[in-house]
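Summary of the model geometry
Each chain is listed here by its residues.
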Amino acid sequence: MTNKSFLSKVFPELNRAIDAVVYIYMGFVFVISMNLDPEIKKYSNAFALVVMALIGVYVLINNFEGFINKFSLMFGLYTGYCLLTIIWSADKSISIERSTTVLKLFIVCSLIYYYITRERKTDMLLHAIYIGGLSILIFTIVYYGPRAYIAGMMEGKRMGYDFADANDLGRALMYTSIIGLYYAFYEKRWWNISISLISAFVSVGTGCRIAIIIFVVGLFCLFFFYFTGKKRILGIGAFIALAGISFALLYLPVFESMRIRIIGMLGELTGKEGADISTNTRMIMAQAGIKQFLETPVLGLGIGTSNVILLKVIGVESYLHNNFLEMLACGGIIGFMVFYALHFTVLIKNTKQAFRRNTKAVLSITLLMMILAQDISTVDYYEKITLILITYMFCALEQYKTE
């Protein structure tokens, strides 16, 4: 048994230290991890070691009590399968790289889940995620300057690519915007509305089309669950009105670039003219992913090996830009199931509570629907923000189950 009293004396302020590093780590996740420079990204990984070390001591003090739980088992099963696919992978190096990333996130997220649920600090974790999102919002505005950012949007430039992947940035800002609206409507912190509007505006400047979609999905969920009974019709009506206003705003000169990109995407999906090159390419990628899944339906080609698939089809090493197809083609049915079991659990456990207007359940369903919507156009099975948001959902579920 661990000498609990000794460790407690050595680390008398352990909880405060962990709280602080959780906040800092979320800032690193949004600002540092999103940077395109690999050397800068290393700082985020290094700080993750600090999180592991401090919460690791906390685990020792509590003699590992409850460390094995439903979340760690489900996430561990997914992680284990990713590592297992290295055996039959068509590109072992990429499978090792992706699996190692998932393994690191499994350790960090499991430790955070353990600490947050034992200390009942789910609200703190959400706030830390929100502060992380605000950090990248402030960094983006300061990096360009408000006037330069708007000028870049007017010129049709996709903002954010100077230091980050514009698509990742756009999605992160929309998650931040929706969490801010949740604080405003469900916790009456109305000042967050202005922050949410700014975050959404800056997100649109990145030119990320899926960011618009996940914002619409998130906004619909917030309005849908805000009212109960027949009043829910009011929520749907308010959502339609806001959606209409937002669509009209796309015709302002500052949003011209985004409007063109959305029309291009819709053109391909509806079979009409006007689809852009990016959308056409993604459709070819999707077909390649489906074909590979049919060839290796059970185990897949090996986690992360979509580069092999696309090199044969379009002559470029890339990924499938669709997480559902990525998991089916590279992880097979088994990989798909062990990954989306996390999502399915959140959906099943929270739906009834969300209809009863349990605020944590409402936010969990909202964020989950946004993640599932983004999975249509991006690959996030090893992305920090996605897996941290899922960790929050499980923390929220565990907390309100015991309330």
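Here goes a summary of the coordinates provided. (Residues numbered from 1 in each chain as written. Predicted model: local features only at pLDDT ≥ 70, side-chain atom pairs only at ≥ 80, totals over all residues. Heavy atoms only, no water.)

Describing the packing of aromatic side chains
Both the distance between ring centres and the angle between the ring planes are used here to describe each pair of aromatic rings. What counts here: Pairing of aromatic rings covers Phe, Tyr and the six-membered ring of Trp, with a centre-to-centre limit of 6.5 Å; geometry is then stacked below 30 degrees between planes, edge-to-face above 60, and tilted otherwise. Only DSSP runs of H or I with at least four residues qualify as helices, and only runs of E with at least two residues qualify as strands; both kinds are numbered from the N terminus onward. Relative accessibility decides the category of a residue: with a 1.4 Å probe and only protein chains considered, values under 20% of the type maximum give buried, values over 50% give exposed, and everything between is partly exposed. A ring has a charge above it when a Lys NZ or an Arg CZ is no more than 6 Å from the ring centre and no more than 35 degrees off the ring normal.
Under the definition given, this model contains 33 aromatic pairs. Arranged with centres 5.0 Å apart and planes meeting at 80 degrees, the rings of Tyr58 and Tyr115 form a pair that is edge-to-face. Taken as a pair, Tyr58 in helix H3 (residues 38-61) and Tyr115 in helix H5 (residues 92-119) lie far apart in primary sequence, 57 residues in all. Grouping residues by exposure puts Tyr58 and Tyr115 together as buried. Seen from their ring centres, Tyr182 and Tyr183 are 5.8 Å apart, and the 50 degrees between their planes marks the pair as tilted. For Tyr183, a relative accessible area of 3% corresponds to the buried category. Every member of this aromatic cluster is reached through a ring pair, and the members are Phe71, Phe75, Tyr78, Phe106, Tyr113, Phe324, Phe336, Phe339, Tyr340 and Phe394. Its end group placed over the ring of Tyr226, Arg357 keeps NZ or CZ at 4.7 Å from the ring centre.

Some points on helix H4 (residues 70-84)
Let me state the cut-off plainly: One less than the number of residues in a helix, times 1.5 Å, gives the span that helix is expected to have. Residues adjacent in sequence count toward polar contacts only when both atoms are side-chain atoms; beyond that, a polar contact is any pair of N or O atoms within 3.5 Å, and within protein one must be able to donate a hydrogen and the other to accept it.
With 15 residues, H4 extends 21 Å from end C-alpha to end C-alpha; this agrees with the ideal 21 Å at 1.5 Å per step. For H4, the complete set of buried residues consists of Phe71, Ser72, Met74, Phe75, Tyr78, Thr79, Tyr81 and Cys82. With a side-chain oxygen positioned 3.2 Å from the backbone nitrogen of Phe71, the residue opening H4 is Asn69.

Focus: the packing of helix H8 (residues 166-187) against helix H10 (residues 209-226)
How we decide: Geometry is summarised by axes, namely lines fitted to C-alpha atoms with helices restricted to the contacting stretch, and by angles between N-to-C directions that run from 0 to 180 degrees. When describing relative orientation, an angle under 35 degrees is termed roughly parallel and one over 145 degrees roughly antiparallel, while 65 to 115 degrees is termed roughly perpendicular and anything else oblique. By convention the crossing between two helices is left-handed if the near helix lies anticlockwise of the far one by an angle smaller than a right angle, and right-handed if it lies clockwise. By definition, residues are in contact when any of their heavy atoms lie within 4.5 Å. Each residue gets one of three labels, nonpolar for Ala, Val, Leu, Ile, Met, Phe, Trp, Tyr, Cys and Pro, charged for Asp, Glu, Lys and Arg, and polar for the others, Gly among them.
At a minimum axis separation of 9 Å, H8 and H10 run at an interaxial angle of 15 degrees. In terms of their interaxial angle, H8 and H10 are classed as roughly parallel. The two elements H8 and H10 meet at a crossing, and its hand is right-handed. When H8 is examined against H10, the residues Gly170, Arg171, Met174, Tyr175, Ser177, Ile178, Leu181, Tyr182, Phe185 and Tyr186 are found in contact with a partner set consisting of Ile210, Ala211, Ile212, Ile214, Phe215, Gly218, Leu219, Cys221, Leu222, Phe223, Phe225 and Tyr226. Considering only residue class, the contact of H8 with H10 consists of 18 nonpolar, three polar and one charged.

Structural notes on the environment of Pro297
Residue position: Pro297 is located in the loop between helix H13 (277-295) and helix H14 (306-313). We classify Pro297 as partly exposed; its relative accessible area is 33%. In this structure, Pro297 is in contact with Gly332 and Ile333, ignoring residues within four places of it in sequence.

Some points on the pattern of salt bridges
What counts, and what does not: Salt bridge, as applied in this entry: a Lys or Arg side-chain nitrogen positioned within 4 Å of an Asp or Glu carboxyl oxygen.
As enumerated under the stated definition, the model contains eight salt bridges in all. For Lys121, the salt bridge goes to Asp19, with nearest N and O atoms at 2.7 Å. Within this pair, whereas Lys121 is found in the loop between H5 and helix H6 (122-144), its partner Asp19 is found in helix H2 (residues 14-32), the two being separated by 102 residues in sequence. Accessibility classification places Lys121 together with Asp19 in one group, the buried group.

Comments concerning the side chain of Asn69
Within the element layout of this structure, Asn69 appears in the loop between H3 and H4. A polar side-chain atom of Asn69 sits 3.1 Å from the main-chain carbonyl oxygen of Phe67.

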